[in-house]
Amino acid sequence: MIRSVVPVLTVVGFLLAFWYAAAVWLNAPWAYDKTTRSGEVLTTRTLIADTWSQEKPKLPAPHQVAGEIWDTTVEKKITSKRSLIYHSWVTLSATLLGFALGTGLGILLAVGIVFNRTMDMSVMPWVIASQTIPILAIAPMIIVVLNAVGISGLLPKAMISMYLSFFPVVVGMVKGLRSPDAMQLDQMRTWHASKAQTFWKLRLPASMPYFFTSLKIGMAASLVGAIVGELPTGAVAGLGARLLAGSYYGQTIQIWSALIMAAALAAALVGIIGIVQRITLKRMGMA
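These numbers come from a predicted model, not from an experiment. (Residues numbered from 1 in each chain as written. Predicted model: local features only at pLDDT ≥ 70, side-chain atom pairs only at ≥ 80, totals over all residues. Heavy atoms only, no water.)

Colleague: Before we move on, could you go through the overall build of the chain and cite the residues and values that matter?
Modeller: Within the chain, the secondary structure is distributed over 11 helices and zero strands. Mapped in sequence order, the helices and strands of the chain form the string α-α-α-α-α-α-α-α-α-α-α. Over its C-alpha trace the chain gives a radius of gyration of 24 Å, far above what one expects of a compact globule, namely 19 Å for 287 residues. For the chain, the spread of C-alpha atoms along the principal axes amounts to about 90 × 55 × 35 Å. When burial is assessed residue by residue, the chain has 41% of its 287 residues classed as buried. Considering only contacts in the chain between residues 6 or more positions apart, those separated by 24 or more positions represent 72%. Surface accessibility of the chain: about 16500 Å² in total, with carbon and sulfur atoms responsible for 70%. Each charge sign in the chain was given a centre, from 23 positive and 11 negative side chains, and these centres are 12 Å apart. (Helix = DSSP H or I, 4+ residues; strand = E, 2+ residues; numbered from the N terminus. Rg over C-alpha atoms; globule rule 2.2 N^0.38 Å. Buried < 20%, exposed > 50% of the residue type's maximum accessible area, 1.4 Å probe, protein only. Contact = heavy atoms within 4.5 Å. Areas by Shrake-Rupley, 256 points an atom, 1.4 Å probe, with all protein chains shown as cover. Lys, Arg positive; Asp, Glu negative; His and termini not counted. Charge placed at Lys NZ, Arg CZ, Asp CG, Glu CD.)

See below:
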């Protein structure tokens, strides 16, 4: 246990030290400017103290971000519009819906690609090409089109999440469904197994490791899609809205707290998928 924790703590410690040093470097010009105008002498100690406590720093110190997160989670009611938990729930709702839609679409496309040569030759290139379009360019188009037909709120953001999350599921499932070797497929034919039996008894179980790996990538991509979907709408709720509000008013501490919260949310969701993966693969005798 200790051996596994020490490397992680070492990396975290190094990152925090680098973060604090970067905060001093980036925030120093403002500190020097203030002392020049006031005629005071700026020592190394006062420089560090100033760069780690500015109200609107270029790069907030870790303890400033931690304090903002504490203030907007523990000390605020969940229903408050200033609560990060409230904004996280708004983003999480779109993330989970988009992830579910993307996973379903990805599985259906993967099954069609594996079992239908026409789909393999025609659909797969378009699936790959779809990911070359920048999401920042297509997100406003999706929102405008859906709003034009009377669809607003959660679904447009979920559609953007689906757009990002379905691709890794397609690729992972296609790879997984094709992972059984020729000998295993010949064995199924020897037993006169139908395509459906081959799918349920061989291809689908063999695809599970690939499937869960693609789900982890898809979940992270879905969260990114939900946040991006909040940006062009001028949303008033969600982590994307917190990022927008912070950028409008130069509140870098608020921006970083929203970013850290998004990272923690993604880590938690991916961790849940990892737990389900271990349980599932263990029951299948693959762990």
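Colleague: Describe the nonpolar core, naming the residues involved and giving the relevant values.
Modeller: Counting 40 residues, the largest nonpolar core has V170, M173 and L215 as its most contacted members. Those elements that provide at least two residues to this core are helix 1 (2-38), helix 3 (62-73), helix 4 (84-115), helix 5 (117-130), helix 7 (154-177), helix 9 (195-230), helix 10 (239-248) and helix 11 (252-283). Sort the elements by how many residues they give to this core and helix 9 lands first, with nine residues. Excluding its chain neighbours within four sequence positions, the residues that come into contact with M173 are I107, A110, L204, S207 and F211. (Core = buried A, V, L, I, M, F, W, Y, C linked by side-chain atoms within 4.5 Å.)

Colleague: Before we move on, could you go through unusual backbone geometry and cite the residues and values that matter?
Modeller: For H192, which is not glycine, the phi dihedral falls at a positive 60°. Take H192: it is sitting in the loop between helix 8 (182-190) and helix 9.

Colleague: Which residues make up the pattern of salt bridges, and what are the values?
Modeller: Taken as a whole and judged by the stated rule, the model has six salt bridges. One salt bridge in this structure joins K34 and D50, with 2.8 Å as the shortest N-O distance. Here the residue K34 occupies a position in helix 1, and D50 occupies one in helix 2 (residues 44-51), the gap between them amounting to 16 residues. A relative accessible area of 30% means that K34 is categorised as partly exposed. For D50, a relative accessible area of 17% corresponds to the buried category. Salt-bridge contacts for R242 lead to E68; the nearest nitrogen and oxygen are separated by 3.6 Å. One end of the pair, R242, is in helix 10; the other, E68, is in helix 3, with 174 residues separating them in the sequence. For R242, a relative accessible area of 7% gives the class buried. (Salt bridge = Lys/Arg side-chain N within 4 Å of Asp/Glu carboxyl O.)

Colleague: Describe the packing of helix 4 against helix 9, and please don't skip the residues or the numbers.
Modeller: Direction vectors running N to C along helix 4 and helix 9 enclose 145°, while the axes themselves pass 8 Å from each other. In this structure, the crossing between helix 4 and helix 9 has a hand that is right-handed. Residues V90, T91, A94, T95, L96, G98, F99, T103, I107, V111, V114 and F115 of helix 4 pack against K195, F199, R203, F211, L215, G218, M219, S222, L223, A226, I227 and E230 of helix 9. Looking at the contact of helix 4 with helix 9 residue by residue, the classes come out as 15 nonpolar, six polar and three charged. (Axes fitted to C-alpha atoms, helices over the stretch in contact; angles between N-to-C directions. Left-handed = near helix turned anticlockwise from the far one by under 90°. Nonpolar A, V, L, I, M, F, W, Y, C, P; charged D, E, K, R; others polar.)

Colleague: Residue-level account of a nonpolar patch on the surface, with values.
Modeller: There is a patch of nonpolar side chains on the surface, built from V11, F14, L15 and F18 and spanning about 450 Å² of accessible area. Looking at where V11 falls in the secondary structure, it is placed in helix 1. (Patch = residues over 30% accessible without salt bridge, like charges linked within 9 Å, V, L, I, M, F, W, Y side chains within 5 Å.)

Colleague: Explain helix 9 to me, and be specific about the residues and the numbers.
Modeller: Because each turn of an α-helix spans 3.6 residues, side chains separated by three or four positions in sequence point in the same direction. Between its first and last C-alpha atoms helix 9 spans 43 Å; for 36 residues at 1.5 Å apiece the expected length is 52 Å, and the helix comes up short by more than 12%. Of all the bends found along helix 9, the most pronounced is centred on M208 and spans about 50°, while P209, a proline, follows it within four residues. (Expected span 1.5 Å × (residues − 1). Bend = angle between axes of the 7 residues up to and from the residue.)

Colleague: Break down the environment of W52 for me, with residues and values.
Modeller: Along the chain, the position of W52 falls in the loop between helix 2 and helix 3. Residue class for W52 comes out partly exposed when judged on its relative accessible area of 27%. C-alpha separation for the pair W52 and Q64, spaced 12 residues apart in sequence, amounts to 7.7 Å. Those residues within four positions of W52 in sequence are excluded, and the remaining contacts are Y20, A23, V24, A61, H63 and Q64.

Colleague: Quick rundown of the packing of aromatic side chains? Include the residues and the values.
Modeller: Per the stated rule, a full pass over the model turns up five aromatic pairs. Between the aromatic rings of W19 and W256, the centroid separation amounts to 5.2 Å while the plane-to-plane angle is 40°, which identifies the pairing as tilted. A residue pair is termed long-range when its members are at least 10 positions apart, and W19 in helix 1 and W256 in helix 11 qualify at 237 residues. Take W19: its relative accessible area is 17%, and that puts it in the buried class. Through a chain of ring-to-ring contacts, three or more aromatic side chains come together here, namely F115, F199 and W200. (Phe/Tyr/Trp six-rings, centres within 6.5 Å; stacked < 30°, edge-to-face > 60°.)

Bear in mind that shape data such as this cannot, by itself, settle questions of function.
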